[in-house]
Amino acid sequence: MPRPLVATIDVAALRANLAVAKKCAPNSKVLAVVKANAYGHGLMHAIRGFAAADGLGLIEFDGAVQLRETGWQKPILLLEGVFEPADLATVIEYRLEVVVHCIEQVEMIEQAGIASAIDVHLKMNTGMNRLGFKPEAFRAAYVRMRALGFIRNITLMTHFANADNATHAALTLSEQVRRFNSATEGLPGLRSLSNSAADLLHPEVAADWVRPGIMLYGGSPGDKSAAEFGLLPAMTLASAIIGIQDVSAGDAVGYGSLFVADKAMKIGVVACGYADGYPRHAPTGTPIVVDGVRTRLVGRVSMDMIMVDLTPVPHARVGSAVTLWGADLPIDEVAHAAGTIGYELMCGLAQRVRITAQ
């Protein structure tokens, strides 16, 4: 019998979250971001959930090839572009679109001697200082791209650093938009600006394309909960109690004896640990659900197991159902307790965890 730890992907929730993204930007096309194996949800499940998207975006070449070979016919954008000249052969063979964010990529494309038309998304660094041309260098890069006869379309894009905190003292959303608009004034081409946070919180900045990511999987990009945005959890990570220990006041639990019982209590052992992607740094008190009842993690997370307080669940037994996150326990709540973000929990799901879909 297989280990009881299973991640279940709700394809209907993926569809519903995509509909929210579309509703927030009704005049924009939607590029659904499916990098990191669709944030841990699986590319094949993502294709089903995002069939109504206008395109898909990811970083991994092998994933892009898999999407094409599975039958996806709409645009596929490589969000970091090409890494070496040989990558352009794959771009052409599989009809991929590429982000161009630095002069070295411009030179690769110029020198490639491409015979087929390709589409590029020219990226501007409007203050995030990660990828992209500075505003003052953007127009020159655009001119060089436009001069190549095999470049069919150039989409103009940037990425927001603080769409979830639009008035951030170091860099406001409005300042990034101003820099982008100023540097692209008069340049033809579609515009692509909004990520999940901008799509949900600032629909006024939506342009020709929006690029939602985390919201599609039921995670919140802002201070409000996913449910408040009308988003549904798309992944439920569930396991079971595999052992129960009766401990007395003064007994310690787990590695390092970090948790010491202050009274007699029952401790449940759950088949899930940091080797499965559960955050090792999750502290005592991190929420967990046993047989539909909320309780808490206690002690240090082990490689393969975590321990939970069964005081609120006196009827619990070996085999009792456990939800680590998902339908009845928001992933963002677990992430917050562990001092991280829902993105990391989704993407960190280990290969040994069985994934099913409904």
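The structure we're discussing is the one just above.
Residues numbered from 1 in each chain as written. Predicted model: local features only at pLDDT ≥ 70, side-chain atom pairs only at ≥ 80, totals over all residues. Heavy atoms only, no water.

Digging into the sheet that holds strand β2 (residues 29-33)
Then comes step 1: Around the barrel, eight strands lie side by side as β2-β3-β4-β5-β6-β7-β8-β9; this closed barrel has parallel pairing.
Then comes step 2: Both strand β7 (residues 151-158) and strand β8 (residues 191-194) contribute to a ladder of two bridges, which runs parallel. By the bridge assignment for β8, methionine 157 is matched with serine 192.
Then comes step 3: With respect to the sheet, helix α4 (residues 61-70) is in contact with β3 (55-58) and β4 (76-78), its orientation differing from that of β4 by roughly 175°.
Then comes step 4: Strand contacts of helix α7 (residues 135-146): β5 (97-100), β6 (118-124) and β7, with the helix running at about 165° to β7, the strand carrying the most contacts. (Pairing = 2+ DSSP bridges. Helix = DSSP H or I, 4+ residues; strand = E, 2+ residues; numbered from the N terminus. Contact = heavy atoms within 4.5 Å. Axes fitted to C-alpha atoms, helices over the stretch in contact; angles between N-to-C directions.)

Some details on the environment of proline 188
Then comes step 1: With respect to the helices and strands, proline 188 occurs in the loop between α8 (173-184) and β8.
Then comes step 2: Each C-alpha atom, one on proline 188 and one on isoleucine 331, is 41 Å from the other, the two residues being 143 residues apart in sequence.
Then comes step 3: With residues up to four places along the chain from it excluded, the contact list for proline 188 reads Tyr142, Ile154 and Leu156.

A short note on the pairing of β8
Put simply, side chains in a regular strand alternate between the two faces of the sheet.
Then comes step 1: For β8 and strand β9 (residues 209-210), the ladder comprises two bridges, and the chain directions are parallel. Across the sheet, serine 192 pairs through a bridge with tryptophan 209, a residue of β9.

Here we look at the pattern of salt bridges
Then comes step 1: For the coordinates displayed, the defined rule picks out 12 salt bridges.
Then comes step 2: The salt bridge partner of arginine 152 is aspartate 119, with a shortest N-O separation of 3.0 Å. Pair noted here: arginine 152 is in strand β7 and aspartate 119 is in strand β6, with a separation of 33 residues, a long-range link.
Then comes step 3: The class for arginine 152 is partly exposed, based on a relative accessible area of 47%.
Then comes step 4: Given the relative accessible area of 11%, aspartate 119 is considered buried.
Then comes step 5: The residue arginine 179 makes a salt bridge to glutamate 175 at a minimum N-O spacing of 2.7 Å. Here arginine 179 pairs with glutamate 175, and both are found in helix α8, just four residues apart, close to one helical turn.
Then comes step 6: A cluster of three or more residues bridged by salt bridges with shared partners is formed by Arg3, Asp276, Asp304 and Arg352. (Salt bridge = Lys/Arg side-chain N within 4 Å of Asp/Glu carboxyl O. Buried < 20%, exposed > 50% of the residue type's maximum accessible area, 1.4 Å probe, protein only.)

With respect to the packing of aromatic side chains
Then comes step 1: As enumerated under the stated definition, the model contains five aromatic pairs in all.
Then comes step 2: Consider the rings of tyrosine 39 and tyrosine 217, whose centres lie 4.6 Å apart with planes at 20°: the pair is stacked. Of this pair, tyrosine 39 sits in helix α2 (residues 35-39) while tyrosine 217 sits in the loop between β9 and β10 (235-247), and the two are 178 residues apart along the sequence. Both residues of the pair, tyrosine 39 and tyrosine 217, count as buried.
Then comes step 3: An aromatic cluster is built from Tyr39, Phe50, Tyr217 and Tyr343, whose rings are joined through pairwise contacts. (Phe/Tyr/Trp six-rings, centres within 6.5 Å; stacked < 30°, edge-to-face > 60°.)

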